[in-house]
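Below are the chains, spelled out letter by letter.
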Amino acid sequence: MIRTAVSMSRITESERSPDVLEIEALVQRVLTGDSAAFEGIILRYERRVLTLAMKLLGTAEDAQDAAQEVFIRAYKYLHRLDIQKPIEPWLMRMTVNVCRDLGRKRQRRFNTFSEADTMEAPDTAKTSNPHTGLVEQQEKQLLWQALNSLPEKERIAVTLRDIEGLSTSEVAAILESSETTVRSQISRARVRLKDAIQRMIGGLQ
Amino acid sequence: MNGCYAPEVLALFIADDLSPAEAASVNNHVRGCEKCLKTCDELEASQTFVKSRLRPMPNPELLSAVRHNVLSKIQSQELTLGWRLKLERMLWACFRKQAYAYATLAILVVISASLLAQIHHTDQVQHLTAAVFDADGLVRPGAYRDWVFLGSTKDAESLHNVYIEPAAYRQYAKTGIFPEGTVFVRERVRPGGDSLTVEASVKDSNRFPGGWAFFAFTDGQGKVLMKALPDGNCRSCHEQKAEKDQVFTQFYPVLRLARMES
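Draft legend 1. Local environment of the packing of helix H2 (residues 38-57) of chain A against helix H3 (residues 60-76) of chain A. Residues and elements named next belong to chain A. Orientation of H2 relative to H3, taken along the N-to-C sense of each, is 140°, at an axis distance of 8 Å. When the axis of H2 is compared with that of H3, the two are oblique. Remark: the crossing between H2 and H3 carries right-handed chirality. Residue-level inspection shows Phe-38, Ile-42, Tyr-45, Glu-46, Val-49, Leu-50, Ala-53, Met-54 and Leu-57 of H2 in contact with H3, the latter providing Asp-62, Ala-63, Gln-64, Ala-66, Ala-67, Val-70, Phe-71, Ala-74 and Tyr-75. Of the residues belonging to the contact of H2 with H3, the class tally is 15 nonpolar, 1 polar and 2 charged.

Pasting the structure below:
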């Protein structure tokens, strides 16, 4: 059986790796009042949550707010987590919901590319030609804009599927939607993105 | 070429998002269709482009800031769990299965709601302490002269003193509504001090159609009765001429003043 990082199904006894057991122990400690144990959970998932938030919101500032909110909600509602299931999909779903709320509240998405820049590790050292770096930055900016122009549901679905690399069934589980709906959202988003990229590359050339 | 696949289908095809049967059919077509092949190439190129460009990596400072802020909020008083969450956690600890915990919560909510309704009802009907009923009717109120005196009218041979039960008076002063259980007593006395008749009106919508009932504690020969059944003679006048809720508030300035002061 293939099990990916965010598979939603139950973990059988034989599949309980030391990692899973450690997470279980951390969750139990938090639930019995040891709030410091929550740091262990944050350390394990902060990168994943923050990366997804950055991809969905586009700015480091918003992503930080979203990630904080996700972990605070997770702390509050940790008792609702079914320990027989992996914690990551639960956090991913929460991240998507928080980002959706935050995005709606602030009524802006991806519109501050200068900020989006700050959240990426600088890779200019890799390129000897500064012009190449500049073009890449421009491309990224236009790509964010293209993503931003997609309807919210399509944008989230395609981000999870194509950028996060989750399977369609995993995306459907996170979005609490059917696979058919997600497939349809992803297909439309891919076509729109292709058109936007073609226009964009034409504009850069 | 006719019969080309929609770009949306090809967008699923290039990322293995179609079922094996669908994929095989599209594959057969695409191999012989230049237009679809070109679309597939473009879609694949855009996929590669997106994946290669959009790889935001949070820097360590940002990760550290998130961790620090969350932990300090959790450990400070700022994030205190409300009683609902504490109760929920407790239930979850007892019942690891969510369904049981939800069921228990639902039962607790129903019980709480019933208790609250009971308390509310008790609060509403506690005014009925002045209106005691048994099989023979309303028991003549006892210490009504200790109640709130609303005023007096006069006929040729007697004074008509009107009293209201104090709890109902306070409630009316507060809300402008006569609560369920309100009791008025009208006592007719001779100027010399003899009590001639005692009448009462009681508001109890569950018991009486129209909300109110009127009682006379004297029989046709003037004999005092200790219990009385509703007397229909008073009703029509109260219904037609009383200013508010079958009560002649227009004649009781005490009630008006109480409302105004409240």
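Now that the structure has been shown, we can carry on.
Draft legend 2. Here's a closer look at the sheet that holds strand S7 (residues 212-216) of chain B. Residues and elements named next belong to chain B. Read across the open sheet, the 5 strands follow the order S3-S4-S5-S6-S7; overall the sheet is antiparallel. On the outer flanks of this sheet lie strand S3 (148-154) and S7, each paired with one strand and no other. Averaged over all pairs of adjacent strands, the angle between their axes in this sheet comes to 20°, without regard to strand direction. Strand direction decides the pairing type here: strand S6 (residues 195-203) and S7, joined by 5 bridges, are antiparallel. By the bridge assignment for S7, Glu-199 is matched with Ala-216.

Draft legend 3. Looking closely at the interface of chain A and chain B. Taken residue by residue, the interface counts 53 residues in chain A and 40 residues in chain B. The junction of chain A with chain B conceals about 4,600 Å² of combined surface from both sides, 66% of it contributed by carbon and sulfur atoms. The three residues of chain A that bury the most area against chain B are His79(A), Arg190(A) and Lys194(A), which together make up 14% of that side's buried surface. In this assembly, chain A and chain B are joined by 4 salt bridges. Lys194(A) is the partner of Glu42(B) in a salt bridge, and the nearest nitrogen-oxygen pair spans 3.5 Å. Counting the contacts that link chain A with chain B gives 9 residue pairs in polar contact (both at pLDDT 80 or more). Taken together, the elements giving at least two residues each to the side of chain A that touches chain B come down to helix H1 (18-31), H2, H3, helix H6 (130-148), helix H7 (152-163) and helix H9 (179-204) of chain A. Across the side of chain A that touches chain B, the residue classes break down as 27 nonpolar, 9 polar and 17 charged.

Draft legend 4. The packing of aromatic side chains, seen in detail. All names here are of chain B. Applying the stated criterion to the full structure yields 11 aromatic pairs over all chains. Ring centres 4.2 Å apart and planes at 10° place the aromatic pair Tyr-172 and Phe-178 in the stacked group. For Tyr-172, a relative accessible area of 5% puts it in the buried group. An aromatic cluster of three or more residues is present, and its members are Tyr-172, Phe-178, Phe-184 and Trp-212. A cation over an aromatic ring shows up here: Arg-207 above the ring of Phe-133, its NZ or CZ 3.9 Å from the ring centre.

Draft legend 5. Region of interest: the packing of H2(A) against helix H4 (residues 60-75) of chain B. Two elements in contact, H2(A) and H4(B), have axes whose closest approach is 10 Å; the angle formed by their N-to-C orientations is 130°. Comparing the axis directions of H2(A) and H4(B) gives the class oblique. Here the hand of the crossing between H2(A) and H4(B) comes out right-handed. Of the residues in H4(B), those in contact with Phe38(A), Glu39(A), Ile42(A), Leu43(A), Glu46(A), Arg47(A), Leu50(A) and Met54(A) of H2(A) are Leu62(B), Leu63(B), Val66(B), Arg67(B), Val70(B), Leu71(B) and Ile74(B). Per-class residue counts for the contact of H2(A) with H4(B) are 11 nonpolar, no polar and 4 charged.

Draft legend 6. The arrangement of the sheet that holds strand S8 (residues 227-228) of chain B in detail. Residue and element names in this part refer to chain B. Strands sit in the order S1-S2-S8 across an open sheet of 3 strands; the sheet is antiparallel. In the strand order of this sheet, the two ends are held by strand S1 (133-134) and S8, each with one partner. Pairing of S1 with strand S2 (residues 137-139) involves 2 bridges; the strand directions are antiparallel. Bridging from a neighbouring strand, Asp-134 pairs with Gly-137 of S2.

Draft legend 7. Molecular detail of the pairing of S3(B). Residues and elements named next belong to chain B. Across 6 bridges, the pairing between S3 and strand S4 (residues 159-164) is antiparallel. Bridge assignment links Thr-153 to a residue of S4, and that residue is His-160. Between S3 and the antiparallel strand that follows it, S4, lie 4 residues.

Calculation rules
Residues numbered from 1 in each chain as written. Chains lettered and ligands numbered in written order. Predicted model: local features only at pLDDT ≥ 70, side-chain atom pairs only at ≥ 80, totals over all residues. Heavy atoms only, no water. Axes fitted to C-alpha atoms, helices over the stretch in contact; angles between N-to-C directions. Helix = DSSP H or I, 4+ residues; strand = E, 2+ residues; numbered from the N terminus. Parallel < 35°, antiparallel > 145°, perpendicular 65-115°, else oblique. Left-handed = near helix turned anticlockwise from the far one by under 90°. Contact = heavy atoms within 4.5 Å. Nonpolar A, V, L, I, M, F, W, Y, C, P; charged D, E, K, R; others polar. Pairing = 2+ DSSP bridges. Buried area = accessible area lost by both parts, 1.4 Å probe. Salt bridge = Lys/Arg side-chain N within 4 Å of Asp/Glu carboxyl O. Polar contact = N/O pair within 3.5 Å; in protein donor to acceptor, adjacent residues only side chain to side chain. Phe/Tyr/Trp six-rings, centres within 6.5 Å; stacked < 30°, edge-to-face > 60°. Buried < 20%, exposed > 50% of the residue type's maximum accessible area, 1.4 Å probe, protein only. Lys NZ or Arg CZ within 6 Å of the ring centre and 35° of its normal.

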